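# Survey of secondary and tertiary structure
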Amino acid sequence: MGYNGTSIDDLSAVTGLGRGSLYGAFEDKHALFLRALDSYNSDALRAWRTALGGPGPALPMLARHVRNVADGIIGDVERRGCMMAKIAAELSAVDVSRLPGRPRSEVTSRRRSEAGPQ
């Protein structure tokens, strides 16, 4: 279905929330999309930090994390796939700096600040 093929009515049906509740909480479909994307990215970063943040050599930790991710992909019986890959495929022709509410420079700045000192 994808971002462009999903309406507020679709989101209302899936979430069980009325249109007014969705608009009240998220303003519009795009704001909900950005919130979901932020949550997805936060979860992925947390998993990476947890997997690679322990003591010891990084290579075995990285290999274990990659295997765990691969096992998750293989075990995805609903075939939901990777949200980032789907977004990239669907929205790659769109200049993200023109998307409402989120200029590219703000996203890049936030990522850099979250990464901490280099």
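Here, every reference points to the structure presented above.
Residue positions are given per chain, counted from 1 along the sequence in the order it is written. Residue-level local features of this predicted model are given only where pLDDT is at least 70; pairs of side-chain atoms are given and counted only at 80 or more, and the full residue set underlies all totals for whole chains, interfaces and linings. Water and hydrogen atoms play no part in the side-chain values, which are based on all heavy atoms of the structure.

### Some words on the overall build of the protein chain
- On a plain count of helices and strands, the protein chain comes out with 6 helices and 0 strands.
- Put simply, the protein chain runs from its N terminus to its C terminus through helices and strands in the order α-α-α-α-α-α.
- Residues count as neighbours in contact if any of their non-hydrogen atoms are within 4.5 Å of one another. For the protein chain, the proportion of contacts with a sequence separation of at least 24, taken over those separated by at least 6, is 42%.
- Shrake-Rupley sampling with a 1.4 Å probe provides the accessible areas, and residues are treated as covered by the protein chains on show and by no other component. For the protein chain, the accessible area works out to roughly 8700 Å², and carbon and sulfur atoms hold 59% of it. Under the DSSP-based scheme used, a helix requires at least four consecutive residues in state H or I and a strand at least two consecutive residues in state E, with every element numbered from the N terminus.

### Some points on the packing of aromatic side chains
- Here a Phe, Tyr or Trp ring, Trp counted by its six-membered ring, pairs with any other such ring whose centre lies within 6.5 Å, and the pair is stacked when the planes are under 30 degrees apart, edge-to-face when over 60, and tilted otherwise. Considering all chains together, one arrives at 1 aromatic pair under this definition.
- Counted as over-ring charges are cases with an Arg CZ or a Lys NZ within 6 Å of the ring centre that also lie within 35 degrees of the ring normal. In this structure, lysine 29 is placed above the aromatic ring of tyrosine 3, and the distance from its NZ or CZ to the ring centre is 4.3 Å.

Interpretation in functional terms is not warranted from these geometric data alone.
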